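Given next are the chains, with one letter for each unit.
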Amino acid sequence: KLPVKSVSVRKGKGERKSLDFFFQTTTTTTAKENESKNLTPFFLSFFLSLIQQQKQALSKQREILVSIKKAGPEEKAKACFETLFKIVANVGTNPTEPKFRRLRLGNAALHARVFSVPGALDFLGLVGFAKETTGEAGQEEEVLLVLPEEKARPADLQEVASLLDSAMNNPMFGLFEKKSALFFF
């Protein structure tokens, strides 16, 4: 903890303002304290990289939602957003429940509302869903999208749900997005 030294400064006609200045003092530290100080930058950089990855994923998710909204009929996009919102909300509410973290690619209703929309599978992939094939010997294989329990973090899913809510309810969503293009000079 750094000691604080207060200094008053004249600001104008008779006004005084108090400023606090911090100054460092020399202290001796033990080897254990030095070791913990050396680990702090590592943990800090690790958590900052996780935050950066999460921001990048949200940015890509937003791009996909904008492309879905601009690409097709408004009704189809809205149905897709509503279904994606319901999926994310169910997983966020029950992150340990496997039935909410599994989506069958053969489900006709999900296929009509979500899987047939270009970009929706990419969006689910960015949320953390991955394809998995199930089936025992002699049985028909079934393809699922599965969200691993460790990726079903309610805080992250709440941000995704907020993004989907904005896509559904904000008429200005994606209106001013720049188109990605390559320019050659």
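Residues numbered from 1 in each chain as written. Predicted model: local features only at pLDDT ≥ 70, side-chain atom pairs only at ≥ 80, totals over all residues. Heavy atoms only, no water.

Tracing the backbone through its elements, the reader meets N169 in helix α5 (residues 154–169). Distance from N169 to F81, taken between C-alpha atoms, is 9.9 Å for residues 88 residues apart in sequence. Side chain to side chain, N169 and D165 meet in a polar contact 2.6 Å long. (Helix = DSSP H or I, 4+ residues; strand = E, 2+ residues; numbered from the N terminus. Polar contact = N/O pair within 3.5 Å; in protein donor to acceptor, adjacent residues only side chain to side chain.)

On to the pairing of strand β5 (residues 142–146). Two strands pair when backbone bridges link them, and strand β3 (residues 102–104) and β5 are joined in this way by three bridges, in the antiparallel orientation. Opposite L103, over in β5, you have L145 as the bridge partner. Bridge count between strand β4 (residues 130–134) and β5: five bridges; the pairing is antiparallel. From the neighbouring strand, K131 faces β5, where its bridge partner is L145. (Pairing = 2+ DSSP bridges.)

In this structure, the largest pocket spans a volume of roughly 450 Å³. In this structure, the largest pocket is lined by 19 residues; those nearest its centre are Q54, A57, L126, R153 and D156. Of the residues forming the lining of the largest pocket, the biggest block, nine residues, is contributed by helix α1 (residues 31–71). Here the lining of the largest pocket is built from residues that sort into eight nonpolar, six polar and five charged. (1 Å grid on protein atoms, 1.4 Å probe; cavity = no way out; pocket = protein on both sides within 12 Å on 5 of 7 lines; lining within 4 Å. Points joined across faces, edges and corners; volume = space filled by probe spheres on them. Nonpolar A, V, L, I, M, F, W, Y, C, P; charged D, E, K, R; others polar.)

A word on the environment of M168. Note that M168 resides in helix α5. Residue classification places M168 among the buried residues on the basis of a relative accessible area of 16%. Apart from the residues lying within four places of it in its own chain, the contact partners of M168 are K78, F81, E82 and F85. (Buried < 20%, exposed > 50% of the residue type's maximum accessible area, 1.4 Å probe, protein only. Contact = heavy atoms within 4.5 Å.)

Turning to the pattern of salt bridges, a few remarks are in order. Tallied over the entire structure, the rule returns four salt bridges. For E82, the salt bridge goes to R113, with nearest N and O atoms at 3.7 Å. Within this pair, whereas E82 is found in helix α2 (residues 74–93), its partner R113 is found in helix α3 (residues 108–115), the two being separated by 31 residues in sequence. The partly exposed category is assigned to E82, whose relative accessible area is 34%. (Salt bridge = Lys/Arg side-chain N within 4 Å of Asp/Glu carboxyl O.)

This part takes up helix α4 (residues 120–127). Residues of α4 that are buried: A120, F123, L124 and V127. Down the axis, α4 shows its buried residues gathered within 95 degrees of arc, on one side only. Backbone geometry just after α4 places G128 at a positive phi near 130 degrees. (Arc of directions from axis to C-beta.)

This next bit is on the confidence of the model for the protein chain. Overall, the prediction assigns the protein chain a mean pLDDT of 78, with 69% of residues at 70 or greater. Low pLDDT, under 50, characterises residues 17–26; the predicted model gives this stretch 27 contacts beyond four residues in sequence or across chains. For the stretch residues 180–185, pLDDT sits under 50, and the model shows zero contacts to residues farther than four places along the chain or on other chains. (pLDDT = per-residue confidence, 0-100.)

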